[in-house]
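A closer look at the structure
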Amino acid sequence: MSDNDKRGGSEGPNTGVVVKARPKTRKPAMYKVLMLNDDYTPMEFVVHVLERFFQKSREEATRLIEDRALYDAMARVHNPYGDGQASPRISAAIDSFFEEKS
């Protein structure tokens, strides 16, 4: 019995169209950006970054920095990169490893 007979047809090979399903796309989520507050970066530079890359007006950028209540609210946002204690934990793990070896 030929392959054509198994398919139920004897008039030659069956042909068809292969249709690939396209994945549904959606607009990507906005990035979460953390800016480190240090004692070295001038406020003018931070205002410039907020204006240039985050489309804030000069007044809004300045208010984000100077308004203490707003600043505190931003400072309490969850840090998706951890609690800032990775370095001491890594150091302690390395110290512990070498103490066990000696």
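Attention in this report is confined to the structure presented alongside it. Within every chain, residues take consecutive numbers counted from 1 along the sequence as written. Residues qualify for local features only when their pLDDT is at least 70, as the model is predicted, and side-chain atom pairs are given and counted only at 80 or more; totals for whole chains, interfaces and linings, by contrast, use all residues. Processing note: side-chain calculations cover all non-hydrogen atoms of the structure and skip hydrogens and water entirely.

What counts as a salt bridge is simple: a side-chain nitrogen of Lys or Arg found within 4 Å of a carboxyl oxygen of Asp or Glu. Counted by the stated rule, this structure contains 3 salt bridges. For E51, the salt bridge goes to R58, with nearest N and O atoms at 3.5 Å. Throughout, exposure labels follow a simple rule: accessible area from a 1.4 Å probe, protein chains only, divided by the maximum for the residue type, with under 20% read as buried, over 50% as exposed, and the rest as partly exposed. You can call E51 partly exposed: its relative accessible area is 22%. Here K56 and E60 are joined by a salt bridge, their closest N and O atoms 3.7 Å apart. Note on E60: relative accessible area 28%, which makes it partly exposed.

Any empty space left between the atoms is revealed when a probe the size of a water molecule rolls over them. Of the voids in this model, the largest pocket is the one considered here, and its volume is about 1,100 Å³. Around the largest pocket sit 28 residues that line it, and V33, L34, M35, L36 and M74 are the ones nearest its centre. Within the residue set of the lining of the largest pocket, elements represented by two or more residues are α2 (43–54), α3 (58–66) and α4 (68–75). Ranked by the residues each element gives to the lining of the largest pocket, the list is headed by α2, at 6 residues. Throughout, the ten residues Ala, Val, Leu, Ile, Met, Phe, Trp, Tyr, Cys and Pro are labelled nonpolar, Asp, Glu, Lys and Arg are labelled charged, and all others, Gly among them, are labelled polar. In the lining of the largest pocket, the residues fall into 17 nonpolar, 4 polar and 7 charged. In this analysis, the protein atoms alone were mapped onto a 1 Å grid. Cavities are point sets where a 1.4 Å probe fits without being able to get out; pockets are open sets with protein on both sides within 12 Å along at least five of seven lines; lining residues have an atom within 4 Å of a point. Grid points are joined across faces, edges and corners, and a volume is the space filled by probe spheres set on the points. In this model, the second largest pocket occupies a volume close to 150 Å³. Lining the second largest pocket are K27, P28, A29, M30, Y31, V33, F53, F54 and Q55. Secondary structure elements follow DSSP: runs of H or I of four or more residues count as helices, runs of E of two or more count as strands, with numbering from the N terminus.

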